[in-house]
Amino acid sequence: QLTMSLNSSTLLNEEKSQGLKRASECLESLELQTPSSFQDNPLQQLRLASQEVLEKAKKSGRSKCPRCSSSRMFYCYTCFVPVETVPTKEIPTVKLPLKIDIIKHPNETDGKSTAVHAKLLAPDDVTIYKYPCIPEYKEKRHELALVFPGPDSVSVKDIAFHLQKYSKKGVCDKDDDCSREPLLKQAKIEPKEEEENLNECISNNKGEGTRLKKIIFIDSTWNQTNKIITDERLQGLLQIELKTRKTCFWRHQKGKPDTYLSTIEAIYYFLVDYHQEILQENYKGQYDNLLFFFSFMYTLIKNAKCCAGKE
């Protein structure tokens, strides 16, 4: 019995020792890894500013918001500012080619939303509204578009062509006494002519600094979007769909396709496509820093899952 007891004790000690060794090796490995070192990390090619400031903030723990004094990690999601341990001067600033409005559902949890990332990193070009307090867009719909998948949504490359229908000369509002046929029915357009018109429109847009001036995003769970998307103030806006991107969001909603992106992902991928398709310029990472916080959190969560043995 004594021998069995000693053997059991020895086995337990060996298992404990091996467990500690594995945990130690995992931690050592993770300390050497950066967001770009994961071979399967889809965000590894991003050209990001140094995230050392976030590393330091992570080690020091939660800090106070300089405005409301709430305890937060990295930034305050209600005041849209970095916490005291994350100096604003060490956070990159991104200049966008157009303005962005984000319409946030009132029931969307502030701490889970990635919309604040856009406001933190592109403060001059991003405005966040809490529904139902949103602007009236009707008068400017010829220079606006809404990113939302729907039966009438178009791809980014077709924005310039479709916005022609919303120009002040071509749009017939409900209040107007107008009996003319809709723009697309006025004349039969041959495919070749349609393509020429599209190319001319894109060329003109580039010369004018782009016809599209603002893009709108909805920040909510997919189950909550119906209330916002059916609001009369958003009716008649050109809708854009991002069909080829897959989400990396750690809070991806079950039962939804992986092409349903988080808000900051949708903003980032739209701008990349817009830069290439509409501005017709080579993309060299100009908007990568919009994922400055997102990519860091992605790696933190991936690391935590690794150490917990979930991956």
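Residues numbered from 1 in each chain as written. Predicted model: local features only at pLDDT ≥ 70, side-chain atom pairs only at ≥ 80, totals over all residues. Heavy atoms only, no water.

Observations concerning the packing of aromatic side chains
Alright, step 1. What the rule picks out here adds up to 7 aromatic pairs.
Alright, step 2. Members of the aromatic cluster, joined through ring pairs, are Tyr75, Phe292 and Phe293.
Alright, step 3. The side chain of arginine 72 reaches across the aromatic face of tyrosine 77, ending 4.1 Å from its centre. (Phe/Tyr/Trp six-rings, centres within 6.5 Å; stacked < 30°, edge-to-face > 60°. Lys NZ or Arg CZ within 6 Å of the ring centre and 35° of its normal.)

Observations regarding the pairing of strand S8 (residues 214-219)
In regular strands, side chains alternate between the two faces of the sheet.
Alright, step 1. With respect to burial, S8 is a largely interior element, 5 of its 6 residues being buried.
Alright, step 2. Relative to S8, strand S5 (residues 99-104) runs parallel, the two being bridged by 6 bridges. From the neighbouring strand, isoleucine 100 faces S8, where its bridge partner is isoleucine 215.
Alright, step 3. As paired strands, strand S7 (residues 144-147) and S8 are joined by 4 bridges and run parallel to one another. By the bridge assignment for S8, leucine 146 is matched with isoleucine 216. (Buried < 20%, exposed > 50% of the residue type's maximum accessible area, 1.4 Å probe, protein only. Helix = DSSP H or I, 4+ residues; strand = E, 2+ residues; numbered from the N terminus. Pairing = 2+ DSSP bridges.)

What about the nonpolar core?
Alright, step 1. If you look at the biggest cluster of nonpolar residues, it comprises 58 residues, and the most contacted ones within it are Ile100, Ile240, Phe270 and Leu290.
Alright, step 2. Of the residues forming this core, the biggest block, 9 residues, is contributed by helix H7 (residues 263-277).
Alright, step 3. Summarising the domain contributions, this core has at least three residues from each of domain 1 (46-91) and domain 2 (95-163 + 210-310).
Alright, step 4. When sequence neighbours within four positions are dropped, the list of residues in contact with phenylalanine 270 reads Val147, Val156, Ile159, Leu212, Ile215, Phe217, Ile240 and Leu242.
Alright, step 5. Counting residues in hydrophobic clusters, the runner-up holds 13 residues, among them Ile103, Tyr131, Ile216 and Ile218. (Core = buried A, V, L, I, M, F, W, Y, C linked by side-chain atoms within 4.5 Å. Domains from an automatic or database assignment. Contact = heavy atoms within 4.5 Å.)

Honestly, it's all geometry; don't read function into it.
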